[in-house]
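# A look at the structure
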Amino acid sequence: MDMTSNTSNQKENAPTNVVGKPLDRVDGPAKVTGAARYSAEINVPGTVYGVLKSSTIAKGRITGIDTSRAAKEPGIINIFTHENLPKPAKTPKQIEKWRAAQSYLPMQDNQIQYAGQPVALVVAATLEAATQAAALIKVTYQAETPIDSYHDPKAELFDPQKIQQGKKDAHVVRGNPQQAYDGAAVKHEATYVHAINHHSPMEPAATLAVWEGADKLTVYEASQNVTMHQGALADLLGMPREQIRVVTKYIGGGFGCKGSFWPHTILTVLAAKAVNRPVKLALTRPQMFTGVGHREDQEQTLKMGATADGKLVSIVHTKKATTSPWDNYTESNGKVMDMLYACENYSTVYELARANVMTSVWMRAPGEAPGSFALESSMDDLANQLNIDPMEIRLRNYADYDHSNGKPWSSKSLKQCYTRGAELFGWSKRNPKPGQTRRGRMLVGHGMASATYPVHSSQGTARVRLFADGHAVVEAGATDLGTGTYTVMTQVSADALGLPPEKIRFELGDTRLPTAPGSGGSVAAGTVASSIMAAAQDVWDKVVKMAVADKKSPLYKAKPTDVKVELGRMFLSKDPKKGETLLAALGRSGQPDIEGSGTGKYGAGYEEKNFGQNGADPNNDNKEKKTGGHSMHSFGAHFCEVEVDPDLGTIRVTRWVGVHGAGTVLNLKTATSQMTGGAIYGIGAALMEDTFRDPNFAHYTNADLAGYHIPVNADIPNIQVEFVPESDPYINYLGVKGIGELGMVGVAAAVGNAVFNATGRRLRSLPMTPDKMLEAMRMPA
Amino acid sequence: MNNFSYIQAEKPKDATAAKRDDKSAAFIAGGTTLLDLMKSNVENHDQLIDVNLLPFRGIEMTKDGLRIGALERMSDVGAHPLVAQQFPAVAESLLLAASAQLRNMASIGGNVLQRTRCGYFRDTAFPCNKREPGTGCPALEGDNRNLAILGTSETCIATSYPGDLSVALTALDAVLTLENSKGKQRQVPITKFYLLPGTTPQRETVLESDELIVAVTIPQTAAARKSKYLKVRDRSSYAYALVSAAVGLEVQGGTVRAARVALGGVGTQPWRCFEAEKALVGKPATEATFRAAAELALRGAKPREHNAYKIEMAKNTLVRALSEVAV
């Protein structure tokens, strides 16, 4: 599109009509009637079924694979092992790092590096036959002693230099943290342990690979990012991207585990080519624990120095974690500690140890979730140590600009979140003295914590086709995790075109559509909304040109640059009464429809385009801080009440209030659901989620949803969520900040802080299960 | 899961004879445990004998006590007024178990025959003496947080019965009626039904291979009327007990006249605490009495790395349960 056109620059948030309304999900009827097909439910004629057989050892080599019994099962089409599976053109190690979280591809040789690693893939006419044949394959191994985690005595901690596929430094220092800590009036030091967590979405990972010719492939994948899957497949297969189509119409939750490329996808694609049939493969629930990553086992030591009145002078953070034999993945927990409070001295150091586990990966609020558990628990301790209210100590350390980079905030409403949250929760009635409040036998406690999540810069393209009959099709290759992309983008499109939402059909989840970012890092809503706006502006420009050349238009002979478009109506900037709708002008043109496309940016890229490289912010009078634009974050505050049974050790969350400042809310209903879900996800991590990896076998002992506990309804109280009004012109035209991760950040700390208030005991090892609580109750408070 | 044949038995003998003739067959009622075990290849049966049409139904008071047909569903029994009024521990143990969906399917007979949730037993990647005798027990040095501290052996520390109902039945002296392929019935008190692991953890009950549980009978007592099931778990529903207690007390004038005490989650089988009961009878119904009984109940417990917490949790659970039925 013409980037210099009248409507492309946006210095304030666009007006809204449908945007923000609690519209029911547009895909709701399809979901409740079963019309919505998830990737593993799509049927293509001739489809056959693939089942993976997983390694029972964590380290060693395969010495033999006997497929004789399996091959006799009726309906077996082929059994693939490392000996007969066709090799890909490249391995994940040779392609762009960010796509394949794990650089190691199983079934290339006889080596075993982690338990659950695929060792064979059976293709059969039915799922049942493939399943049974996989069980009948007899694999013999030469097993070696595996390393199970960073705390294994055999494990060696090392300095990875870089983490997150080389994107982030493993050492970050700002100021002089150790010296400041040593000289601090008040010191606090604690170590926090986080269990292994698994994403555990309802829908398992699944691939349906359909070769439509020797060099033409369609893959129906449970993917949070179809573009990523297309790119990874193109690289691995040595094919042009254009010949590969990836489709994901619906996702049943992902939480990050469907945002990377994992081995099962390429193994299925290779098998499908070899058998010359479409092959469908879904991971079993146990395979979901060894097939799509996890949140790594980790511990953090946090030293905080403060003045006597509770002002932070130093944060010294170290983290130890387990990583795989090949990759240096670890969540960057330090980020949140670097920016949440005003503190001049900060450092973080990451140490990793290799173990026989698959590569871990981002899981909802990666880094911020465990990082905030440490930071916000220590803040609570510090408040208690200094007899300051936990909210007050946070206000004393309130960051008026981002201390990690010196930039001003694009917007920040954390104070309002604290105030409103405290009011809704009744924070002022809290007894600051731990262990004093009882309800029958139960000890009652109240805790709070802050939340924050960055706006990650992103961009994407969308296409808008406006029909003269008043309908529109809007398309972007984004995905909907189930959180509401279909719905909110319908609303954004409706306002951009001035149509009611029922006249809009929004399509996503297909690489044939314009390229859009995936659902991850909370970027989808902000970026796709921007893309739709850019595409709509392309349509506006074209229709404005029609109108000013049309004698019948009230805008006839107006200069296009004098025409403004809002909510589907064109009008003269100086005389808003003079104008007409886009549809009226399009209708007279005789054209049945008009199409526009555009690339929209989110975050820093949007700001740079609309405000210039150095963030010409008229409100920023601090010249020193003018280091190129704004720091962009959403913020929030959680308030939690727990009841602790002091004799039995059980902890129940009985009340929850979350108040967030996250820019413009696109849909109050879906946004509230998402923040509620974030709190539930965090309560799960706080109280029960824990995958146990056996120390001798490096193999999980509770890899199913009976053994790996996630919250049930009875664990979750009424959760009250509010958003404070916030406008932010710098991040995108609607002022939308992502909310996918925010709701979970700080949740575990809020629970732990409430437990401390209830009992006087601090639990620093997640999850806070009854055994740990009871053990703590035996110790003096 | 392997392929299997399926028959629906119309008479008890059809079922028991089919089982006698096919050592690899299994009875199926609700299937809620069996199908899980077959899907994970922990159990492989070439034939399933559906017993749902057999006449082992009914919940009725008899001269021996409340007789519950083995094919009654957990949800129906848990909600039955006779059970709720006369045997509250039984009703509570049923309604606190599993999920609503599972309770609607699962039968009473099948519940009694649930198998352990030990992660090593339920994953064929691991060795396990219970699943494959002689291969070893990784739980001894591994994930034993949910496993037993009483009745264990060096070959197995699994809570062989992980559920709730049998704990209440054990406390209240229930008797199982078993029927074999000759049509012969025998009565086995539930306290004699389960076996300690010893050196043969694969043998879990005294049930013969051609026997079917046809009924459970619970004697009516004052202690049963004043009974309770208390369950401690990692989440509020759909979780196995870390520790549970089924207790019944008959208290007259502040003195305990009769006591029934059993623990779940701590023993390799539902754990009847006869010594604790003896220590209660004739004593004042006070917390001190209950605490002393709880100490006895846990005497001899052998904890491992991750399950030592169960000793105190079980004592506290027992004291709490006794205190609540004493009022």
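This one's a predicted model, so the numbers in the text were calculated from it and none came from an experiment. (Residues numbered from 1 in each chain as written. Chains lettered and ligands numbered in written order. Predicted model: local features only at pLDDT ≥ 70, side-chain atom pairs only at ≥ 80, totals over all residues. Heavy atoms only, no water.)

### Things to note about the overall build of chain B
- For chain B, the helix and strand inventory stands at twelve helices and twelve strands.
- Here the C-alpha atoms of chain B give a radius of gyration of 19 Å, agreeing with the 20 Å that 2.2 N^0.38 yields for 327 residues.
- Structurally, chain B occupies a C-alpha span of about 60 × 50 × 30 Å along its principal axes.
- Split into buried and exposed, the 327 residues of chain B put 60% on the buried side.
- Residue pairs in contact within chain B that sit at least 24 positions apart in sequence constitute 64% of those at least 6 positions apart.
- A total of about 12,400 Å² of accessible surface is found on chain B, and carbon and sulfur atoms cover 51% of it.
- Taking the 40 positively charged and 34 negatively charged side chains of chain B as two groups, their mean positions are separated by 4 Å. (Helix = DSSP H or I, 4+ residues; strand = E, 2+ residues; numbered from the N terminus. Rg over C-alpha atoms; globule rule 2.2 N^0.38 Å. Buried < 20%, exposed > 50% of the residue type's maximum accessible area, 1.4 Å probe, protein only. Contact = heavy atoms within 4.5 Å. Areas by Shrake-Rupley, 256 points an atom, 1.4 Å probe, with all protein chains shown as cover. Lys, Arg positive; Asp, Glu negative; His and termini not counted. Charge placed at Lys NZ, Arg CZ, Asp CG, Glu CD.)

### Side note on the sheet that holds strand β4 (residues 111-112) of chain A
- Ordered in space as β4-β2-β6 (chain A), the three strands form an open sheet in which the pairing is antiparallel. In this open sheet, the two edge strands, each paired with only one partner strand, are β4 and β6 (138-143) of chain A. (Pairing = 2+ DSSP bridges.)

### Quick word on the interface of chain A and chain B
- Contacts between the two partners involve 32 residues from chain A and, on the opposite side, 35 residues from chain B.
- For the pair chain A and chain B, the two sides together bury roughly 2,900 Å², of which 55% comes from carbon and sulfur.
- At the junction of chain A with chain B, the criterion picks out five salt bridges.
- One salt bridge connects arginine 320 of chain B with aspartate 645 of chain A, and the closest N-O pair in it is separated by 2.8 Å. (Buried area = accessible area lost by both parts, 1.4 Å probe. Salt bridge = Lys/Arg side-chain N within 4 Å of Asp/Glu carboxyl O.)

### A few points about unusual backbone geometry
Residue and element names in this part refer to chain A.
- Of the consecutive residues leucine 766 and proline 767, the connecting peptide bond is found in the cis state with omega at -5 degrees.
- Relative to the helices and strands, proline 767 is located in the loop between α16 (747-759) and α17 (770-778).
- Although it is not a glycine, alanine 365 sits at a positive phi angle of roughly 55 degrees.
- Mapped onto the elements, alanine 365 comes out in the loop between β18 (346-354) and α8 (368-385).

### Quick look at the UniProt feature "domain: Aldehyde oxidase/xanthine dehydrogenase a/b hammerhead" (unreviewed entry) in chain A
- In the numbering adopted here, UniProt assigns the feature "domain: Aldehyde oxidase/xanthine dehydrogenase a/b hammerhead" (unreviewed entry) to residues 33-145 of chain A.
- Between the C-alpha atoms that bound residues 33-145 of chain A there is a distance of 50 Å. The span itself is 13% helix and 30% strand. (UniProt positions renumbered as here; feature names shortened; annotations may be inferred.)

### Thoughts on the pattern of salt bridges
- Summed over all chains, the structure comprises 54 salt bridges over all chains.
- In this structure, lysine 59 of chain A and glutamate 144 of chain A form a salt bridge, with 3.7 Å as the shortest nitrogen-oxygen distance. With lysine 59 of chain A in the loop between β1 (48-54) and β2 (60-66) and glutamate 144 of chain A in the loop between β6 and β7 (157-158), this pair connects stretches of sequence that are 85 residues apart.
- When its relative accessible area of 28% is taken as the criterion, lysine 59 of chain A is described as partly exposed.
- The exposure class of glutamate 144 of chain A is partly exposed, given its relative accessible area of 42%.
- For glutamate 275 of chain B, the salt bridge is made with arginine 299 of chain B, and the minimal N-O distance between the two is 2.7 Å. Placement of glutamate 275 of chain B in helix α10 (residues 274-280) and of arginine 299 of chain B in the loop between α11 (287-297) and α12 (309-326) is noted, with a sequence separation of 24 residues between them.
- Exposure remark for glutamate 275 of chain B: the relative accessible area of 39% places this residue in the partly exposed category.

### Side note on the side chain of asparagine 356 of chain A
Residue and element names in this part refer to chain A.
- Mapping asparagine 356 onto the fold places it in the loop between β18 and α8.
- Note on asparagine 356: relative accessible area 6%, which makes it buried.
- A polar atom in the side chain of asparagine 356 sits 3.1 Å from the backbone oxygen of glutamine 113.
- Other than its neighbours up to four places away in sequence, asparagine 356 contacts Ala58, Lys59, Gln113, Tyr114, Ala115, Pro146, Ile147, Pro325 and Ala698. (Polar contact = N/O pair within 3.5 Å; in protein donor to acceptor, adjacent residues only side chain to side chain.)

### A few points about the nonpolar core
- Core analysis: the largest hydrophobic core is formed by 86 residues, its most contacted members being Val642, Trp656, Val751 and Met768 of chain A.
- Membership of the second largest hydrophobic core comes to 53 residues, among which are Ala14, Phe506, Trp540 and Ala585 of chain A. (Core = buried A, V, L, I, M, F, W, Y, C linked by side-chain atoms within 4.5 Å.)

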